[in-house]
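# Structure at a glance
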Amino acid sequence: KKPSALIPSDDLCQFGLQYRKLNQLATDCEMYPPKLQRLDGWGGRVDRVTTCDSWKRLHDVASTERLVAIGHDSSDELKEVWQCIKLMLFSAVSGMVSCPLAMTDGAASTLSKLLKVHENCVPGECSVCTEEWKSTVSQTISNLTSTNPEHFWTSGQWMTERAGGSDVTRSTQTVAVKDEEGVIRLYGNKFYTSAIDCKVSLVLARYDENLSLFLVHLPCDYDGTIQIEKLKDKLGTRQLPTAELTLNGVPALLLAEKGIANIVPMLQVTRLYNAISATSYLRHVTALAHSYAESRSAFGHTINKLPLHKTSLAKLETFSRALILQSVDLALILNAKVSDPLTYCSDAT
């Protein structure tokens, strides 16, 4: 079959027609960044993050347009290409919603791999897997890939701590402790947590002698188990609610005892989204440069007819098109590498 017969071009065209509307929503997100309300009118702590309506509407668009779900639909033969191109159309006008989408897709991929690893586990014989564990993970995947905005969840990725650096094994000080009722609770500080308005998050914490991977469901109302110390005022991504957190006994589900090895699928997916987003922004500014060159006049001509400017635009166009091909190729390669279950046995997780 030809690729054009496998990728629904009508869907991409219809999505492209929403570009102006999405761009306005993204502009609103820039003008009305998230705010943190620490206390209520009575002086009680609430740690409530408020975001503008456009931020929520962009999440709804992401859900209904299946921006995450496409990549998890086994019936689509070229799902990676379809998803990659659609994300390129979206990212530059996403108001930074592409960031939580990256973590959501990565979390869904990680949980799917773990569920596959434990598919044949016998409850009681595995240190991690139980029927309740399988049910919770399955339901979380369903919400992360939902095409219904009312059921769609986004995910966080809580790794970075105050020490920083790429040596996560050394820098992670957050600990997991099992209480008297057998519930695992997390204690520590996460210095940089993007999209704090998410419903769930994958978290690294020390458990026994391991750096393990956990799933946290964020409480709907403030209960003191997650305290938002501050929102980060970041250059270039102020639309995104990024916070510094103190974990004070938040309940968590142990996903895998070997945290670094098992969070790799999430890191791979988020890195791919970074490449796609960079390509999307470059295509956006390339289109703006072409449009400006067609309307700006100098020396009796529009500048797109001047040799030097034509050369500059040609270089920009060539480079941006090359990045499109590279991003699509990376998406295909990544899927080939992570489509099978993790290579180590479930007892090792």
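Computed from a predicted structure; not experimentally measured. (Residues numbered from 1 in each chain as written. Predicted model: local features only at pLDDT ≥ 70, side-chain atom pairs only at ≥ 80, totals over all residues. Heavy atoms only, no water.)

With that out of the way, let us pick up the pattern of salt bridges. In total, this model carries 13 salt bridges according to the counting rule given. Between Arg-283 and Glu-317 there is a salt bridge, with its nearest N and O atoms 2.9 Å apart. With a gap of 34 residues between them, Arg-283 in helix H9 (residues 259-295) and Glu-317 in helix H10 (residues 307-338) connect regions that are remote in the sequence. Looking at Glu-317, the relative accessible area reads 12%, which means it is buried. Taken together, the salt bridges that share partners define one network made up of Arg-38, Arg-45, Asp-47 and Glu-229. (Salt bridge = Lys/Arg side-chain N within 4 Å of Asp/Glu carboxyl O. Helix = DSSP H or I, 4+ residues; strand = E, 2+ residues; numbered from the N terminus. Buried < 20%, exposed > 50% of the residue type's maximum accessible area, 1.4 Å probe, protein only.)

Moving on, we get to unusual backbone geometry. Even without a glycine there, the phi angle at Asp-47 is positive, about 45°. With a relative accessible area of 9%, Asp-47 lands in the buried category. Although it is not a glycine, Asp-208 adopts a positive phi angle of roughly 55°. The topology assignment puts Asp-208 in the loop between strand E6 (200-207) and strand E7 (210-217). Residue classification places Asp-208 among the exposed positions, given a relative accessible area of 68%.

Before going further, it helps to spend a moment on the packing of helix H3 (residues 19-31) against helix H4 (residues 53-64). In the contact formed by H3 and H4, the axes pass within 8 Å of each other and the chain directions differ by 140°. Compared by their axis directions, H3 and H4 come out oblique. For the pair H3 and H4, the crossing hand works out as left-handed. Along its contact with H3, which presents Leu-22, Leu-25, Ala-26, Asp-28 and Cys-29, the element H4 presents Ser-54, Trp-55, Arg-57, Leu-58 and Val-61. (Axes fitted to C-alpha atoms, helices over the stretch in contact; angles between N-to-C directions. Parallel < 35°, antiparallel > 145°, perpendicular 65-115°, else oblique. Left-handed = near helix turned anticlockwise from the far one by under 90°. Contact = heavy atoms within 4.5 Å.)

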